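This is what each chain is made of:
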Amino acid sequence: MKTSFSEYSSTALLCLALLFSLDVMAFSPKHPGSLKSKPATGINNNFKSNTKKSLLGKPDTFTNRILTAHAGSLTPAMHDHAKGVIWFNVKKSKSADASDQALRLVERLLEEQEITGDTDILSMGQVVNVLTACRRNSVESGTLSRLTKVMHMLERSTIWDDSVLPHFVGALANCKAMNAPKSAEHVLIRMQKRGIIPNERHFGTVLSSYAKRGKVKEVEMLMNIMSDLHASGQLEQGPTRITMTTALYALSRSGEKNAPGRAQALVKKMEVAHADGNRDMKPDIIAYSNLLNCFTSHKMTKDAEELLLKVESLYDDGFLQKGPDTIFYSSVLNAIAQSCDDDAFQRAEALLHRMECRGVRPNIITYNSLVKCFLNQASPSYEQMKDLVQKVQYLYESGQLKGTPDNMQRFYRSMMSAFVKSDAGKETDAMGLWTRSTIYS
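Parameters and conventions
Residues numbered from 1 in each chain as written. Predicted model: local features only at pLDDT ≥ 70, side-chain atom pairs only at ≥ 80, totals over all residues. Heavy atoms only, no water. Helix = DSSP H or I, 4+ residues; strand = E, 2+ residues; numbered from the N terminus. Buried < 20%, exposed > 50% of the residue type's maximum accessible area, 1.4 Å probe, protein only. 1 Å grid on protein atoms, 1.4 Å probe; cavity = no way out; pocket = protein on both sides within 12 Å on 5 of 7 lines; lining within 4 Å. Points joined across faces, edges and corners; volume = space filled by probe spheres on them. Nonpolar A, V, L, I, M, F, W, Y, C, P; charged D, E, K, R; others polar. Salt bridge = Lys/Arg side-chain N within 4 Å of Asp/Glu carboxyl O. Expected span 1.5 Å × (residues − 1). Contact = heavy atoms within 4.5 Å. Polar contact = N/O pair within 3.5 Å; in protein donor to acceptor, adjacent residues only side chain to side chain. Phe/Tyr/Trp six-rings, centres within 6.5 Å; stacked < 30°, edge-to-face > 60°. Lys NZ or Arg CZ within 6 Å of the ring centre and 35° of its normal. Axes fitted to C-alpha atoms, helices over the stretch in contact; angles between N-to-C directions. Parallel < 35°, antiparallel > 145°, perpendicular 65-115°, else oblique. Left-handed = near helix turned anticlockwise from the far one by under 90°.

> Explain the overall build of the protein chain here, please?
In terms of helices and strands, the protein chain carries 21 helices and zero strands. Taking all 441 residues of the protein chain together, 47% fall into the buried category.

This is the structure:
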């Protein structure tokens, strides 16, 4: 007697659901009541791979079918279908909305669990896997409300465990919604009320989310909370180098008028703490890069140039493991070019020479910054511009200069505008540059 295709599919579905239930991420062992991961021992990898290929060719079809089904109408086979698609979205899918799709299915299964009272439909470990995927992959703004709803549904369920709260912190903080860090912070507060003290990683996740949005006040407030918890012995470490660098990043994105001064004070505080014996407070090149961004965004060119000299010296003295790179030099070059000072080109050219002498290779963005010096001059030097074009053309064609076609096109067209302004008025050269720029269209 031949076995029908539907029987094969049901068997494969059950096997896939079993694999998903075994592939569970553990909660933090520090918290009581946390779940342990179950290693998928005894499972044949080829079988797992073949099952996934044969069953989940169109996971979106399964997702839509389950999401549009009437409440309370899902069969055990559909439960297994849903868990199989969740596993696929979390572990295998390359789709940008895979995490959100998995979360939607979790929400649907929790609704079913509430209606039917069947506590075996979904496990907390499966939910944690989805939350981990949301934390690792940037999720859309709309996911924030769904995460909040899922958390409330879980709290009403019999599978709830307080140790899942830290996973919600990471998932919420990674949402694109502007109020995502505030939602994550609320969960931090709930953790403390329930006797789970957030650790440095939990605070760091929320700090980073605030910093990306330039929320300096909120970052500083959380840092103060960390200091208080550390002073009371509830937190192993207070603010660290990473925490302080996150605050510097927030300042660099804030646009606040006093951001450069506050950033300078923060770096000074790190340097003093390190000199006093706190090795973890030693600023690195990332901290100085954020300070540089504060200077350049506020057109503080002289301060940017002085900072570059300081960072070069710190690297030469062995204080910094990494010195200024191409991006660092290009940022200072760009600041000089935008200053419109009479000696801007001379300073930019000298900086480019110093950069090359120190073994840092310029890229096309570096040279585009140099072009701005010509564009900001009333009558730029024809000979200087001609030398620059020949140099860039040679470096790029010989493979010594990195740059995208768009950046190369921008270089030639910017130089074309500069040639038209030059003291020699070489419109012919300008047309030649236009023709060359079309190569990169």
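Structure's up, so let's keep going.
> Honestly, empty space enclosed by the protein in this entry has me stumped. Any pointers?
Summary: where empty space remains is shown by rolling a probe the size of a single water molecule over the atoms. The final tally for this structure, using the stated rule, is one cavity of 30 Å³ or more. There is about 30 Å³ of room inside the largest cavity. Across the lining of the largest cavity, the residue classes break down as two nonpolar, one polar and three charged.

> Any chance you could explain the pattern of salt bridges here in plain terms?
Going through the model one piece at a time under the given rule, you end up with 21 salt bridges. Between Arg 354 and Glu 312 there is a salt bridge, with the nearest N and O atoms lying 3.2 Å from each other. Note that Arg 354 is positioned in helix H17 (residues 344-357) and Glu 312 in helix H15 (residues 301-316), a separation of 42 residues in sequence. For Glu 312, a relative accessible area of 5% translates into the label buried. Between Arg 358 and Asp 316 there is a salt bridge whose closest N-O contact spans 2.9 Å. Of the two residues, Arg 358 is situated in the loop between H17 and helix H18 (364-375) and Asp 316 in helix H15; the sequence distance between them amounts to 42 residues. Connected through shared salt-bridge partners, Asp 100, Glu 107, Glu 111, Arg 146 and Lys 149 make up one network.

> Looking at this structure, how should I read H18?
For H18, with 12 residues, the first-to-last C-alpha span of 17 Å sits near the 16 Å given by 1.5 Å per residue. If you check which residues of H18 are buried, you get Ile 364, Thr 366, Tyr 367, Asn 368, Ser 369, Leu 370, Val 371, Cys 373 and Phe 374. In the core, the buried residues of H18 are packed alongside helix H16 (326-339), H17, helix H19 (382-397) and helix H20 (405-421). Its side-chain oxygen 3.1 Å from the backbone nitrogen of Ile 365, Asn 363 forms the N-cap of H18.

> Honestly, the environment of Phe 203 in this entry has me stumped. Any pointers?
Of note, Phe 203 is situated in helix H10 (residues 200-212). The exposure class assigned to Phe 203 is buried, which follows from its relative accessible area of 1%. With 15 residues separating them in the primary sequence, Phe 203 and Leu 188 have C-alpha atoms 8.0 Å apart. In this structure, Phe 203 is in contact with Leu 188, Pro 198, Leu 222, Ile 225, Met 226, Leu 229 and Leu 235, ignoring residues within four places of it in sequence.

> What am I meant to see in helix H9 (residues 180-193) here?
In an α-helix there are 3.6 residues to a turn, and that puts residues three or four apart on one side. Its 14 residues place the ends of H9 20 Å apart at the C-alpha level, agreeing with the 20 Å of an ideal helix rising 1.5 Å per residue. Buried residues of H9: Ala 180, Pro 181, Ser 183, Ala 184, Glu 185, Val 187, Leu 188, Arg 190 and Met 191, and no others.

> I tried to follow the packing of aromatic side chains on my own but got confused; where do I start?
Aromatic rings considered in pairs are described by the distance between their centres and by the relative angle of their planes. With the rule as written, the count across this model stands at two aromatic pairs. Taking 4.7 Å as the distance between ring centres and 35° as the angle between the ring planes, the aromatic pair formed by Phe 345 and Phe 374 counts as tilted. Here Phe 345 is found in helix H17, whereas its partner Phe 374 is found in helix H18, with 29 residues between them in sequence. By relative accessible area, which is 3% here, Phe 345 ends up buried. Considering the side-chain rings of Phe 411 and Tyr 412, the 5.4 Å spacing of their centres and the 70° angle between planes classify their relative orientation as edge-to-face. A relative accessible area of 0% means that Tyr 412 is categorised as buried. The aromatic ring of Phe 319 is capped on one face by Lys 282, whose charged end is 5.0 Å from the ring centroid.

> Quick question: what am I supposed to make of unusual backbone geometry here?
A negative phi angle characterises most non-glycine residues, just as the trans form characterises most peptide bonds. For Lys 299, which is not a glycine, the phi torsion comes out positive at approximately 55°. Within the fold, Lys 299 resides in the loop between helix H14 (285-297) and H15. The class of Lys 299 is exposed, set by a relative accessible area of 65%. Phi is positive for Cys 340, close to 60°, though the residue is something other than glycine. Mapped onto the elements, Cys 340 comes out in the loop between H16 and H17.

> Please clarify how the packing of H14 against H15 should be interpreted in this entry.
Working note: a packed helix pair is described by the angle between its axes plus the distance between those axes. For the pair H14 and H15, the least separation of the axes is 9 Å and the interaxial angle reads 165°. It follows from the interaxial angle that H14 and H15 lie roughly antiparallel. H14 and H15 meet at a crossing whose hand is left-handed. Note on element contacts: H15 touches H14 through Asp 303, Ala 304, Leu 307, Lys 310, Val 311 and Leu 314, opposite Ile 285, Tyr 288, Leu 291, Leu 292, Phe 295 and Thr 296. Among the residues forming the contact of H14 with H15, the class breakdown is nine nonpolar, one polar and two charged.

> Sorry, what's going on with the side chain of Thr 301 here?
On the secondary structure map, Thr 301 appears in helix H15. Those residues within four positions of Thr 301 in sequence are excluded, and the remaining contacts are Ala 335, Ile 336, Ser 339 and Arg 347.

> I'm lost on the packing of H17 against H18 in this one. Help?
Put simply, H17 and H18 touch, their axes get as near as 9 Å, and they point 160° apart. Relative to H18, the element H17 lies roughly antiparallel. Pair H17 / H18 crosses with left-handed handedness. Mapping the contact onto sequence places Ala 344, Phe 345, Ala 348, Glu 349, Leu 352, Met 355 and Glu 356 in H17 and Thr 366, Tyr 367, Leu 370, Cys 373 and Phe 374 in H18. Across the contact of H17 with H18, the residue classes break down as nine nonpolar, one polar and two charged.

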